[in-house]
Amino acid sequence: MIAPLPVASLWHWKWEAPVAIAIVAAQVAFTGMWIHRRASSPDARPRWPALVAFTIGLAVIGLSIMSPIGANDELLLSMHMLEHDLLIWIAAPLLLVGVIPLRERGRALQAPERSLVRVVTHPVVALGISSAVLWAWHLPWAYDRALRSETVHALEHASFLGAYMLYWWPIMAPASLTPWLRGNASRVVYLLAGATQSAILASLIAFHADVLYATYTVAPRVTSLSPLADQRLAGMLMLFPGVVVHIIAAIYLLKDK
Amino acid sequence: MTMSPRALAASDGGVVRAAIACMLAGFGGFLLMGVLGLLMRLDQGGLLAMPPEWFYRIMTLHGSGMVASVLLAALGGLAAAVSETTRLSARTLWIALLIYLLGTGFVDLATLVGGFAGGWTVLHPLPFDGREWTLAAALQMYAGYLLVAVGLAVFCTHLLVATARTYGGVTKVLAWRFVLTGRRPEQPLPRPVELIAAVIAIDGIICALAGAIYLIPLFGLAAGMVGNVDALFAKNFVLLFGHTIANLSIYTAAGLVYATLPLYTNREWKTTWPVACAWNLIIVLMLANYSHHLYQDFAQPLALQLLGEIGSYAVGLPSFIVTIIGALTLMYGSRMRWTVTTILIALGLWGWVFGGLGALLDATIPINQVMHNTMWVPAHFHTYYLLGAAAFCWAYLYHVVTTLSHAPDSGISRAAAWLYGVGGAGFVLMFFIAGANSVPRRYAVHAPQWQVYPRIAVPFVLLLTASLAWLTWDVLRHLGPAWGSTREIASTE
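Residues numbered from 1 in each chain as written. Chains lettered and ligands numbered in written order. Predicted model: local features only at pLDDT ≥ 70, side-chain atom pairs only at ≥ 80, totals over all residues.

J.: Outline the overall build of chain A, listing residues and values.
T.: Helix and strand counts for chain A come out as 11 helices and 0 strands. Going residue by residue from the N terminus, the α and β elements of chain A occur as α-α-α-α-α-α-α-α-α-α-α. Relative to the 2.2 N^0.38 estimate, which gives 18 Å for 257 residues, the radius of gyration of chain A is 19 Å and therefore close to what a compact globule would have. Counting only C-alpha atoms and orienting by the principal axes, one finds that chain A spans roughly 65 × 40 × 35 Å. Here chain A holds 257 residues, and the buried ones make up 40% of them. The long-range share in chain A, meaning contacts at least 24 apart out of those at least 6 apart in sequence, stands at 78%. (Helix = DSSP H or I, 4+ residues; strand = E, 2+ residues; numbered from the N terminus. Rg over C-alpha atoms; globule rule 2.2 N^0.38 Å. Buried ≥ 20, exposed ≤ 12 C-beta atoms within 10 Å, placed from the backbone. Contact = placed C-beta atoms within 7 Å.)

J.: Residues and numbers for the overall build of chain B, please.
T.: On a plain count of helices and strands, chain B comes out with 16 helices and 0 strands. The C-alpha radius of gyration computed for chain B amounts to 22 Å, which stays within 12% of the reference 23 Å derived for 493 residues, consistent with globular compactness. Judged by the C-alpha coordinates and their principal axes, chain B covers about 60 × 50 × 40 Å. Residue burial in chain B is summarised as follows: out of 493 residues, 57% are buried. In chain B, 84% of the contacts between residues at least 6 apart in sequence involve partners at least 24 apart.

J.: Requested: an account of the packing of helix α9 (residues 231-265) of chain B against helix α11 (residues 302-331) of chain B, with residues and values cited.
T.: All names here are of chain B. With their axes 10 Å apart at the nearest point, α9 and α11 run at an angle of 10° to one another. Classed by the angle they form, the pair α9 and α11 counts as roughly parallel. The residues of α11 that touch α9, namely those facing A254, V257, L261, P262 and T265, are T323, A327, L330 and M331. For the contact of α9 with α11, the class distribution of residues is 7 nonpolar, 2 polar and no charged. (Axes fitted to C-alpha atoms, helices over the stretch in contact; angles between N-to-C directions. Parallel < 35°, antiparallel > 145°, perpendicular 65-115°, else oblique. Nonpolar A, V, L, I, M, F, W, Y, C, P; charged D, E, K, R; others polar.)

J.: Give me the lowdown on the interface of chain B and chain A, citing residues and values where you can.
T.: Contact residues are listed per partner, giving 25 residues for chain B and 26 residues for chain A. Contributions of two or more residues to the side of chain B that touches chain A are made by α2 (13-44), α4 (90-112) and α5 (135-167) of chain B. Per-element tally for the side of chain B that touches chain A: the top contributor is α4(B), with 11 residues.

J.: Explain helix α8 (residues 192-222) of chain B residue by residue, including any values.
T.: Along its 31 residues, α8(B) runs 44 Å from first to last C-alpha, staying within 8% of the 45 Å computed at 1.5 Å per residue. Downstream of α8(B) by one or two residues, G224(B) has phi in the positive range, about 80°. (Expected span 1.5 Å × (residues − 1).)

J.: Tell me about the environment of P18(A), residues and numbers included.
T.: Residue and element names in this part refer to chain A. Considering the arrangement of structural elements, one finds P18 in helix α1 (residues 17-40). Looking at P18, the number of C-beta atoms within 10 Å reads 9, which means it is exposed. The spatial distance from the C-alpha of P18 to the C-alpha of A154 is 9.9 Å, given a sequence separation of 136 residues.

J.: Before we move on, could you go through the confidence of the model for chain A and cite the residues and values that matter?
T.: Averaged over all residues, the pLDDT of chain A equals 92, while 96% of them reach at least 70. Within chain A, the lowest mean pLDDT, 86, falls on helix α5 (residues 111-120) of chain A, and the highest, 98, falls on helix α6 (residues 123-137) of chain A. (pLDDT = per-residue confidence, 0-100.)

J.: Hey, could you go over the packing of α6(A) against helix α8 (residues 150-172) of chain A for me, with residue numbers and the actual values?
T.: Residue and element names in this part refer to chain A. At a closest axis distance of 8 Å, the pairing of α6 and α8 adopts a crossing angle of 155°. In terms of orientation, α6 and α8 fall into the roughly antiparallel class. α6 and α8 meet at a crossing whose hand is left-handed. Together, P123, A126, L127, I129, S130, V133 and W137 of α6 and E156, S159, F160, A163, Y164, L166, Y167, W169 and P170 of α8 make up the contact between the two elements. The residue makeup of the contact of α6 with α8, split by class, is 13 nonpolar, 2 polar and 1 charged. (Left-handed = near helix turned anticlockwise from the far one by under 90°.)

J.: Account for the nonpolar core, with residues named and values stated.
T.: Core analysis: the biggest nonpolar cluster contains 242 residues, and V70(B), L97(B) and C393(B) have the highest contact counts within it. Once residues within four sequence positions are removed from consideration, V70(B) is found in contact with G26(B), F30(B), S249(B), A253(B), Y385(B), A389(B), A390(B) and C393(B). (Core = buried A, V, L, I, M, F, W, Y, C linked by C-beta atoms within 7 Å.)

J.: So what's going on with unusual backbone geometry? Which residues, and what values?
T.: Residues other than glycine seldom take positive phi values, yet L181(A) does so here, at roughly 50°. In this fold, L181(A) is placed in the loop between α8 and α9 (184-206). For L181(A), a count of 23 C-beta atoms within 10 Å translates into the label buried. The backbone phi angle of H406(B) is positive, close to 55°, even though this residue is not glycine. Residue placement: H406(B) occurs in the loop between α14 (376-405) and α15 (411-436).

J.: Please set out the environment of L347(B) residue by residue, giving values where relevant.
T.: All names here are of chain B. Along the polypeptide, L347 turns up in helix α12 (residues 340-362). Residues L347 and G421, spaced 74 residues apart in sequence, show a C-alpha to C-alpha distance of 6.2 Å. In this structure L347 touches L387, A391, Y420 and G421, once residues within four positions along its chain are discounted.

J.: Explain the confidence of the model for chain B to me, and be specific about the residues and the numbers.
T.: Residue and element names in this part refer to chain B. Predicted confidence across chain B gives a mean pLDDT of 92, with 97% of residues reaching 70 or more. Contacts for the low-pLDDT stretch residues 1-5, under 50 throughout, to residues beyond four places or in other chains number 11 contacts. As scored by the predictor, the complex reaches a pTM of 0.94 and an ipTM of 0.93.

J.: Could you give an account of the environment of A259(B), with specific residues and numbers?
T.: Residues and elements named next belong to chain B. Looking at the secondary structure, you find A259 in helix α9. With 24 C-beta atoms packed within 10 Å, A259 lands in the buried category. Not counting residues within four places of it along the chain, the set of residues in contact with A259 comprises A81 and V193.

Structure (structure tokens):
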């Protein structure tokens, strides 16, 4: 058995230059567009909360990847899961809070482009893609592959973020951008379906009798948790925040109608 | 007979849709849990070989799921009935429904995937020491309960605030001045259904709080923040929570009878002094009778044991005298036609009486010492659940859907409703006879001499299945027009 490392090793940060550059670039580009839209459409100017939400969303991405949460993602599945939680449940909807007002005031899409967006953002397609991405990356083969390769790992995170921006789009976008999910019943069904599929995956991970991801069985132990206990904790960390976020989303997105 | 949509037309279409969603979710859960119940009876009859660990998982899910489903359906029905006079928020109802369903989903996963099999009343410290499941599964189960409690609290708080706002305060919607003085106030009294909604809301909030008081220390214990949780405290609170939830579903469903029967008998069900008094008494009595489940716990204080017995007897009086006699009086000589709704209400009254009598016997301490661990207990609660509360709920669901869709019920539908009674009666009778013959409850494997009872019960369950299959089809085919009709309600406002 490998002796636990000092607890202090849990608290180190990991500087990732490509991530930092991407975040700064996204912030600059978004702020530029936000300023331009404010200047060009005085009647329907994007508001400050859009910029603030987008900025916080980017900060959450940076925090999830470079803070001790992301820095330990190859040592502890629970930290890795927390990192994914931040990306899909916090960062993705916050980025959309920023992007949607700009998209509303942006140029109208051309016919083929519009059809494609309409298909991809259909709730069934959006839910299907986001669920497929979430489940596919949690297959032991794919997960271990991501842990072994920085590039695949970055692709995993980017695909989670993209897939979950797609997931949140149909329910967060206004009627001018998407015709779907206009009633409370369809919104509740959508939120339930989204929360349920991730809860099933979380339960399968939490209650699996063996360690699912081989990398964690050989990773240096930085806590007293065994790999199996770490996996159970990871499952619970996937389960509970997802539910809380869906309840908060319901509070914001359901209407008296 | 098609009823006039007069009453529902006064409601908010959005609220009616949320209420229908609650009733349908409850009905769906009831059907799924019923299938699990059939599997258990097949196993006990030796007709299906189920591993014991799966039997206990299914038993845990069946119990918790059935209570949650019937309560949800009943609350949905109550919201629809109350919305005729009281402004409710569709958004709040949908949020409560989402939280509630997420909670039931947690329970499903904790049992089916996590292997939790400790029984739905999860008596501490058993769940933390399960040999067949992990602590994570117990925590997921508890989290599911907590979410259900939160959903219930949201629903009930909204109901209480809304009814109190309509009538100018909680004491007014509970008609306290009328109860205390016997004089009718100048301003109109609430209808029985609004008074009942306030009663249910108060007990629902207390019940949810009891759940939180019970569950939060257990989360603290799992997190290492709490050193120990007293087992007797835990047992009292889990039953104050769980038993009250079960009672709540029955009384909420009974409230639906007050909303429905006057429409079919063309007689008003007035808020008379006995009605107001009885339902106010139920606020206290519903909370006081859980203790009859702890008669066999020698450490339980004698006062609580006596409270359990007295409370169990006393709660029967308002139910029997006011609701059942009141309903029968309303029906007698009214030339009421037998429709699916009225048939199910009549069956519900029958089931409530017989289930209640079974409960009274079980609540009698000397009888309880002999009978409590036998099939007598599932006998009484299946009777007033399946043939009582659930029948009232499906009566109201059927009433709402057929009223909104302007669909008359057919002869086959009425036959299916009667079949529900025949199937249900045969099914529960086998529990009663088994209990009277001391067949133990909660046994996965039954001795050969006990297997005759579930074997006789199974054909009755199949009759019940046939009845429910038809009624489900009947509801579903009218659902589209009914749902569309709620939009007309909203547009006419």
